[in-house]
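Geometric and topological summary
Each chain, letter by letter, is given below.
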Amino acid sequence: MLTGKRILLIVSGGIAAFKSLELIRRLRERGASVRCVLTEAGAKFVTPLSLQALSEDRVYSDMFSLTDESEMGHIQLSRDADLLVMAPATADLLARMAAGLADDLAATVLLATDKPVLVAPAMNVRMWTHAATVANVETLRRRGVHFVGPNDGAMACNEFGPGRMSEPAEILSAIESVLVPREQPLAGKRAVVTSGPTREAIDPVRYISNHSSGKQGHAIASALAALGAQVTLVSGPVALGDPPGLRTVRVDSADQMLAACLAAGRIDIAVCAAAVADWKAARPTAAKLKKKAGAAPPTLELALNPDILATLAKPGPQRPALVVGFAAETENLVANAIDKRRRKGCDWIVANDVSPASGTFGGERNTVHLISAAGVESWPTLSKDDVAMRLAGRVALHFSQPTKAEAAE
Ligand code: PMT
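Cut-off values and rules
Residues numbered from 1 in each chain as written. Predicted model: local features only at pLDDT ≥ 70, side-chain atom pairs only at ≥ 80, totals over all residues. Core = buried A, V, L, I, M, F, W, Y, C linked by C-beta atoms within 7 Å. Buried ≥ 20, exposed ≤ 12 C-beta atoms within 10 Å, placed from the backbone. Contact = placed C-beta atoms within 7 Å. Pairing = 2+ DSSP bridges. Helix = DSSP H or I, 4+ residues; strand = E, 2+ residues; numbered from the N terminus. Axes fitted to C-alpha atoms, helices over the stretch in contact; angles between N-to-C directions. Domains from an automatic or database assignment. Nonpolar A, V, L, I, M, F, W, Y, C, P; charged D, E, K, R; others polar. Near = placed C-beta within 6 Å. Parallel < 35°, antiparallel > 145°, perpendicular 65-115°, else oblique. Left-handed = near helix turned anticlockwise from the far one by under 90°.

Some remarks on the nonpolar core
Counting 55 residues, the largest nonpolar core has Val193, Ile220 and Leu224 as the members making the most contacts within it. The contact partners of isoleucine 220, leaving out residues within four places of it in the chain, are Val193, Val271, Ala273, Ala388, Leu391 and Ala392. One finds Ala16, Tyr60, Leu140 and Val148 within the second-largest nonpolar core, a separate group that totals 54 residues.

Notes on the sheet that holds strand β5 (residues 117-121)
With parallel pairing, 6 strands are arranged side by side in an open sheet as β3-β2-β1-β4-β5-β6. With partners counted over all chains shown, the strands left at the sheet margins are β3 (59-60) and β6 (146-147), one partner each. Seen against the sheet, helix α2 (residues 48-55) touches β1 (6-11), β2 (33-38) and β3 and runs at an angle of roughly 170° to β2.

Let's talk about the domain arrangement of the protein chain
In terms of domains, the protein chain is made up of domain 1 (6-179) and domain 2 (190-400). The distance between the C-alpha centroids of domain 1 and domain 2 comes to 35 Å. Domain 1 puts 4 residues into the contact, and the matching count from domain 2 is 4 residues. Looking at side-chain class alone, the side of domain 1 that touches domain 2 contains 1 nonpolar, 1 polar and 2 charged residues.

Let's talk about unusual backbone geometry
Residue proline 88 is reached from alanine 87 by a cis peptide bond, and omega for that bond is 0°. Within the fold, proline 88 resides in strand β4 (residues 83-89). That bond from glycine 149 to proline 150 is cis: its omega, 5°, falls within 30 degrees of zero. Position of proline 150 among the secondary structure elements: in the loop between β6 and β7 (151-154). Phi at asparagine 332 takes a positive value of approximately 45°, unusual for a residue other than glycine. Secondary-structure assignment places asparagine 332 in the loop between β17 (322-329) and α13 (333-344).

Description of the site of the ligand
Within the structure, the ligand sits among 31 residues, and Ser213, Gln216, Ile308, Phe326 and Ala328 are positioned closest to it. Elements with a minimum of two residues in the shell around the ligand: α10 (215-226), α12 (308-313), β17 and α13. A total of 4 residues in the shell around the ligand trace back to one element, the largest contributor, which is β17. A per-class count over the shell around the ligand returns 13 nonpolar, 12 polar and 6 charged.

Quick look at the sheet that holds strand β9 (residues 190-195)
Strand order in this open sheet of 8 strands is β13-β12-β9-β14-β17-β18-β20-β21, and the pairing throughout is mixed. On the outer flanks of this sheet lie β13 (247-250) and β21 (375-378), each paired with one strand and no other. Between one strand axis and the next, the sheet turns by 15° as a mean value, whatever way the strands run. Relative to strand β12 (residues 230-235), β9 runs parallel, the two being bridged by 6 bridges. Within the sheet, the bridge partner assigned to valine 193 lies in β12 and is leucine 233.

Thoughts on the packing of helix α1 (residues 17-29) against helix α9 (residues 168-179)
It is at 9 Å that the axes of α1 and α9 come closest, and there the two elements cross at 50°. Compared by their axis directions, α1 and α9 come out oblique. Here α1 and α9 pass one another in a crossing that is right-handed. Every residue of α9 that contacts α1 at Lys19, Glu22, Leu23, Arg26 and Leu27 is listed here: Pro168, Ile171 and Leu172. Looking at the contact of α1 with α9 residue by residue, the class counts come to 5 nonpolar, no polar and 3 charged.

Description of the pairing of β9
Summarising burial for β9: 5 of the 6 residues are buried, a large majority. As judged from the 4 bridges shared by β9 and strand β14 (residues 269-272), these two strands associate in the parallel manner. If you follow valine 192 over to β14, its bridge partner there is alanine 270.

Take a look at the structure:
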């Protein structure tokens, strides 16, 4: 599948660097050529000789090597590939890339390239979850950098959690999905995805909201767009950037979210992953509520918000062909979700546990059950991106099957 493709593999310092040797072998088996850039720290874990032997090409390390520059300047090195792959990518190299530094050969080719970049991070779990790394990854994703992993698991430093570099087979399949044009089974379909929390104003400075980060909803919007759908993402206030390749409408309240969904016009697919506040302040005040000495705290009267999912799922000529809701539960997950699917009138509901111990709100991973008229399908714990891709795949499958009317003909 990768015949004739040229990969520039940047190997930075980390115990996972040994897996890059296996990656080179597998890439070459599939017909790709591999040229390696080895950082100074990377050379502490794998030797230039091993990389050279497996890639059957010379290994580049030194930005100021006269021989390298006369044979292949670093700008050309970065352009002469179809894809740059960083495996393993350390927190340090990600930070330098996000900051646009060019202080060694690896950082320089990353800054100079006009080719897609795929990153396979590998680092200690605390480094991966550190606010600085989270912000750097977010910046790079916004710039269109592709990521694979990291995976959960036991680490060389005796800690457990996300930070292990993806396996060579996973990196290979991520490389194929970047380089080999994907089928676009949802081309011609229009979708609306809601994501994130809503904010319901109490007064100009206070609001009712929840812990949704938008990660799951945004990932679904991107996954549907990757399969060719024309997607409008209606997002509540989140810290995430607008995903590339689709239209994002940013809103605050449930009323605004509903209006934005309806304004998207006729759609084929609706996926409601937003954590919409069920209630809003009945009478938000124009001025800040003042605390008066000796007075009792004010009583907050609530009013019901519109139900966006139930509105979109209402039968009628405007109803999307497929309406998917989410059920966020802290108890009786599947039973409550089955009931919710019926009450809201959606076709599928994706049930997930949002009790604090689950880490679903704001976390990177999700454990879901897909509930439809056909029954309950429990998925393993996956990254939110993988849940999204799997769900988008199911949506595509749904549209590829003949409708009952077509089947009866
Ligand atoms: O954003 P993340 O941090 O990644 O977390 C993801 C998530 C937990 C928010 C997501 O996976 C999820 O479960 N989203 C639905 C949250 C929710 O509000 O669930 P619910 O069970 O309260 O609502 C059921 C469904 O009705 C949902 O599809 C919801 O979008 C929809 N709804 C609810 C109320 C309302 N007024 N309008 C709605 O459309």
